Each structure stands twice: as C-alpha cells, then as structure tokens.
Amino acid sequence: MTSEGRTSARGFVLHEGVRNYFDFSNLRMFNSTRSPDVARGSLILFDAYYAGLMLGLATKRLGAAKDLEGSIFLPSYPNEFEAYREYIAGLLVDAEVTALHSEDYSESQLERAIAKLLQVASPTRLSPEGMHILNLYAAGGFELLRSKMGAKPSDPSNFMIRYQAVLEAEIRS
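For clarity, every value in this text was computed on a predicted model and none was experimentally measured.

## Notes on the pattern of salt bridges
Stage number 1. Under the defined criterion, the tally for this structure stands at 7 salt bridges.
Stage number 2. Taking the shortest distance from any N to any O, the salt bridge between E86 and R125 comes out at 3.0 Å. Within this pair, whereas E86 is found in helix α3 (residues 85-99), its partner R125 is found in the loop between α4 (107-117) and α5 (128-149), the two being separated by 39 residues in sequence.
Stage number 3. Note that K148 is salt-bridged to E170, the shortest N-O span being 3.7 Å. Of the two residues, K148 sits in helix α5 while E170 sits in helix α6 (residues 156-172), which places them 22 residues apart along the sequence.
Stage number 4. What makes K148 partly exposed here is its relative accessible area of 48%.
Stage number 5. Judged by its relative accessible area of 17%, E170 falls in the buried class.
Stage number 6. Each of R85, E86 and R125 takes part in one network of salt bridges that share partners.

In structure tokens form, the structure reads like this:
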C-alpha cells in the first residue's frame, strides 16, 4: 500500500467479476458456449480487461480498489497490444488531466501530475501509481459495461455487438 492507501500495481489487475462474467476457465473466454463462433478461441483475458478499460477511460469512470482481484493476471501487454502501450498511456494521461480541472493548475503542477503516471523504462510505460489508476479505469468500465449490457454475453460476436452499442451510447451521453 502506498501512503495514499492504494496498492501499487506493476501489472494488470482485473475487476473481481470479470472472469465470471466472461465465463473464463481453462484459459478460454466463453468456455461453456457450444457456439462454433470462430473468434471464441481467439479472445484472451486481456481483451475483457481492454474492453472495460476503453469504456472506463472514455467515460472517465474509476472503479474501486476493493473490487480488484488480489493479484496481477498479466505483468505487461500481450504481444497483440504491445504496439499500443504509448497510446494507452496517453489516454490515461488525458483522462487524469481532464479530471484535474487543469485550469486550476499551473503548468509545473500539471507536469508533476503527469510524471507521477509515467515511467518510460516500464514495459507498460506507466509507473506503479499509473498502472494502479489504469486498473481502476478498467474496473470502472467493466462495472458500467456489466450494468448496461445486462445478461452475460454468450459468445464473442454477441459480446462485440452489444459492447459497441454500450460504448456508443455512453460516448453520446
């Protein structure tokens, strides 16, 4: 725990409800689905994290640290996402700077706030504090997704169609 009462993360931590919601077991999402959906075997647990993250960042919604699982499920980006780590770090900075009401801060205060989030030598490009906040955005996005989507998605196609509808509705509101 840091002095602010938050756990510092050095990797990706899921909301405690993600595995159940996406029926994750035996290293597969939508495991109980008998659907022949071709994408079923290609989705990884990080895809569920990323869906929540994008929704959380887009809506500036943070989850609660108490709702995170107790351990890191992935220390760094999977290969498919590695090229986007700077982009994701930028989205985090944008969300946090927006939350600061930057008109009330001096340029040096904003620079310090941004510096607390980033660590260039890290595989994620984020500091432990930045990583923790990213995990909170993913958790907040997952909570929003679960509440708006309702019933668990049954397969990747069902999930993607419903996710797009939730994302579009939340961005418009």
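Here the narrative resumes, following the displayed structure.
## A word on the packing of α3 against α4
Stage number 1. With their axes 10 Å apart at the nearest point, α3 and α4 run at an angle of 140° to one another. Taken together, the axis directions place α3 and α4 in an arrangement best described as oblique. Handedness of the crossing formed by α3 with α4: right-handed. Taken together, the residues of α4 that come into contact with α3 (itself represented by V93, E96 and V97) are L110, I114 and L117.
Stage number 2. Of the residues assigned to the contact of α3 with α4, the class counts are 5 nonpolar, no polar and 1 charged.

## Topic: the packing of aromatic side chains
Stage number 1. If you walk through the whole model with that rule in mind, you get 15 aromatic pairs.
Stage number 2. Put simply, the rings of F12, F46, Y49, Y50, F73, Y77 and F81 pair up and form one aromatic cluster.

## Concerning the environment of D67
Stage number 1. Examined against the element boundaries, D67 turns out to sit in the loop between α2 (45-59) and α3.
Stage number 2. Expressed as a C-alpha distance, the spacing of D67 and H15, which sit 52 residues apart in the sequence, is 5.7 Å.
Stage number 3. Contacts of D67, omitting those with residues within four sequence positions, involve L14, H15, E16 and E143.
Stage number 4. Side chain to side chain, D67 and K66 meet in a polar contact 3.2 Å long.

## Quick word on α5
Along an α-helix, residues three or four apart share an orientation, since each turn contains 3.6 residues.
Stage number 1. Over its 22 residues, α5 runs 31 Å from end to end, which matches the ideal 32 Å to within 8%, given 1.5 Å per residue.
Stage number 2. Most of α5 sits inside the fold, with 18 of its 22 residues counted as buried.
Stage number 3. A positive backbone phi angle near 75° is found at G150, which sits one or two residues after α5.

## Here we look at the nonpolar core
Stage number 1. F22, Y49, L53, L134 and L145 are the most contacted members of the largest nonpolar core, which has 47 residues in total.
Stage number 2. At the level of elements, α1 (18-21), α2, α3, α4, α5 and α6 are the ones that each hand at least two residues to this core.
Stage number 3. At 11 residues, α5 tops the list of elements feeding residues into this core.

## Quick word on unusual backbone geometry
Stage number 1. We note that D23 has phi near 50°; this positive angle belongs to a residue other than glycine.
Stage number 2. In this fold, D23 is placed in the loop between α1 and α2.
Stage number 3. For K60, which is not glycine, the phi torsion reads 60° and is therefore positive.

Calculation rules
- Residues numbered from 1 in each chain as written.
- Predicted model: local features only at pLDDT ≥ 70, side-chain atom pairs only at ≥ 80, totals over all residues.
- Heavy atoms only, no water.
- Salt bridge = Lys/Arg side-chain N within 4 Å of Asp/Glu carboxyl O.
- Helix = DSSP H or I, 4+ residues; strand = E, 2+ residues; numbered from the N terminus.
- Buried < 20%, exposed > 50% of the residue type's maximum accessible area, 1.4 Å probe, protein only.
- Axes fitted to C-alpha atoms, helices over the stretch in contact; angles between N-to-C directions.
- Parallel < 35°, antiparallel > 145°, perpendicular 65-115°, else oblique.
- Left-handed = near helix turned anticlockwise from the far one by under 90°.
- Contact = heavy atoms within 4.5 Å.
- Nonpolar A, V, L, I, M, F, W, Y, C, P; charged D, E, K, R; others polar.
- Phe/Tyr/Trp six-rings, centres within 6.5 Å; stacked < 30°, edge-to-face > 60°.
- Polar contact = N/O pair within 3.5 Å; in protein donor to acceptor, adjacent residues only side chain to side chain.
- Expected span 1.5 Å × (residues − 1).
- Core = buried A, V, L, I, M, F, W, Y, C linked by side-chain atoms within 4.5 Å.

Interpretation note: all reported values are geometric properties and have no functional meaning in isolation.
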